[in-house]
Amino acid sequence: MTHRAVFRVAEPQSSALRWYGGVLFAFFGGVLFCAMPLVSAQIVSADHHLPAQTQNLSWGWIPTDKEPVLMIESGETVRIDTISHHGSTQDEDPVSFLAGFGVEPNQILQDVRDFWASRPGRPREGRTGAHVLTGPIAIEGAEPGDMLAVHVLEVSPRTPYGFNSAGARSGALGDAYPGVRDGDRGAEIADDGGRAIIWTAMANAREYALLGDNVRVPLAPFMGIMAVAPEAPAIGQPGVTVAGVQSSRPPGPYGGNLDIKELGPGAILYLPVFRSGALFYAGDPHGVQGDGEVSGTALEQSATGVFRFVLHKDTPLSAPRAETATHYLSVGIDLDLDRALRKALLEAIDFMVEEKGLTPREAFTLASLAVDFSVSEAVNQTQVVSGSIAKSLFLE
């Protein structure tokens, strides 16, 4: 069996980690953790369910003209199942591939097995992304010039494990990363292929990712990709090497691979509509991620989510916007990180002028005094800066 990197709470021979009856138990910092073979804490009900069946999935791109797999009305909710590309897109079959990381056959989603078997018949030219996307969902009456509000009601993992790739020269330390110079050092990581499994487990009604012997990371699941169909992918645009084929790797005005970690349950993502029906896709599920996603991947973990789709007619947007219970989020996207910051700043100013009645000078001043700008995603060709505007600043 091929050896692959595994993050666990202890070495396999340790008494701190044991499987009993298909359940993983671990003592970690004096706390007992347990992980069921398949996790799907489905709490929120939905009007529709879109499973991650092969006919509902696209690999590596955001199709602009795929027939909708579901048609809904504005205001309706949909549970969307998604799968991670880790374990479902490699050449080796999922059972033997994942066995190399200690995953039992009963811990592998049937969706993953079915998608993997469908790979030979799927086109790959221009589809340079790794992601597997579920959709599209068409919203009745959506037309170009409208805005789609995606209310995230729930996101929960479907497996008790995920993957992260962190090689010596991956992500922001990669040789192709913008700004890299000859002689720049990478991380002191042995060349083991970079991919590691990370198990997750429950303790005190909270789910954690377990790293090493004494690090636990609270999960905060979200969809790395939420997108509408792009307007007209043209060669020369980020992620477009074949006319009409938009890679799933770079985010853009259509949303896509934004990797904004705040877009979990309770958030609302606003997207411009470019095509009839909007044609919404979700995928690249993450169990948890830091700002920047600096190794090139988050905790890549299959998940299910519930979303409410609300159509706003004749409400054009130049870029995605978002909000959480406590903050408004502006979004800047560009190949150049400096320009992404500039765009996020201008979006924040425009928002405060249009929605809060500030003058441009007041908005710019407030941005400098109280708006936090973060590098949300820095490793997917186009880079994302988000501006976080506290709702408590406005006396309404």
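Everything below is about the structure shown above.
It should be emphasised that the depicted structure is a prediction, and the values quoted were computed from it without experimental measurement.

Novice: I keep staring at the side chain of serine 156 and nothing clicks. Help me out?
Specialist: Structurally, the position occupied by serine 156 is in strand E10 (residues 147-157). For serine 156, a relative accessible area of 5% translates into the label buried. At 3.0 Å, the side chain of serine 156 forms a polar contact with the side chain of glutamate 154.

Novice: Honestly, the environment of isoleucine 62 in this entry has me stumped. Any pointers?
Specialist: On the secondary structure map, isoleucine 62 appears in the loop between strand E6 (57-59) and strand E7 (70-72). Isoleucine 62 sits 168 residues away from proline 230 along the chain, and the two C-alpha atoms are 7.5 Å apart. In this structure, isoleucine 62 is in contact with Leu133, Ala227, Val228, Ala229, Pro230, Gln246, Ser247, Ser248, Tyr254, Gly256 and Tyr281, ignoring residues within four places of it in sequence.

Novice: So what exactly am I meant to see when it comes to unusual backbone geometry here?
Specialist: Comment: phi is negative for the bulk of residues other than glycine, and the bulk of peptide bonds are trans. Following glycine 135, the chain continues into proline 136 via a peptide bond in cis, with omega recorded as 10°. Within the secondary structure, proline 136 sits in strand E9 (residues 132-139). Its identity is not glycine, yet alanine 205 carries a phi of approximately 65°, on the positive side. When you line up the elements, alanine 205 lands in the loop between strand E12 (195-203) and strand E13 (206-211).

Novice: I would appreciate a short explanation of the environment of serine 74 in the present structure.
Specialist: Assignment of secondary structure puts serine 74 in the loop between E7 and strand E8 (77-81). For serine 74 and alanine 138, which are 64 residues apart along the polypeptide, the C-alpha to C-alpha distance reads 9.8 Å. With residues up to four places along the chain from it excluded, the contact list for serine 74 reads Ile139, Phe309, Val310 and Leu311. Within polar-contact distance, the side chain of serine 74 engages the backbone nitrogen of leucine 311 at 2.9 Å.

Novice: Help me understand helix H3 (residues 337-356), please; the structure alone is not making it clear to me.
Specialist: For the α-helix, the turn length of 3.6 residues means that residues three or four positions removed from each other point alike. Here H3 spans 27 Å end to end across 20 residues, near enough to the 28 Å set by a 1.5 Å rise per residue. For H3, the set of buried residues is Ala340, Ala344, Glu347, Ala348, Ile349, Phe351, Met352 and Lys356. In the core, the buried residues of H3 are packed alongside strand E20 (321-323), strand E21 (327-334), helix H4 (360-370), strand E22 (372-380) and strand E23 (382-390). In this structure aspartate 336 caps H3, since a side-chain oxygen of it lies 2.7 Å from the backbone nitrogen of aspartate 338. Residue glycine 357 follows H3 closely and has a positive phi angle near 75°.

Novice: How do you make sense of the sheet that holds strand E19 (residues 303-312) when you look at a structure like this?
Specialist: The strands making up a sheet associate through backbone hydrogen bonding, with each pair oriented either parallel or antiparallel. Sheet architecture is open: 9 strands sit in the order E5-E8-E19-E10-E17-E20-E21-E23-E22, paired in mixed fashion. With one partner strand each, in any of the chains shown, strand E5 (48-50) and E22 form the two edges of the open sheet. When the angles between neighbouring strand axes are averaged without regard to direction, this sheet yields 25°. Two strands pair when backbone bridges link them, and strand E17 (residues 268-272) and E20 are joined in this way by 3 bridges, in the antiparallel orientation. Bridged to isoleucine 268 within E20 is glutamate 323. Of the strands in this sheet, E20, E21, E22 and E23 are in contact with H3, which crosses E21 at around 140°.

The rules behind each value
- Residues numbered from 1 in each chain as written.
- Predicted model: local features only at pLDDT ≥ 70, side-chain atom pairs only at ≥ 80, totals over all residues.
- Heavy atoms only, no water.
- Helix = DSSP H or I, 4+ residues; strand = E, 2+ residues; numbered from the N terminus.
- Buried < 20%, exposed > 50% of the residue type's maximum accessible area, 1.4 Å probe, protein only.
- Polar contact = N/O pair within 3.5 Å; in protein donor to acceptor, adjacent residues only side chain to side chain.
- Contact = heavy atoms within 4.5 Å.
- Expected span 1.5 Å × (residues − 1).
- Pairing = 2+ DSSP bridges.
- Axes fitted to C-alpha atoms, helices over the stretch in contact; angles between N-to-C directions.

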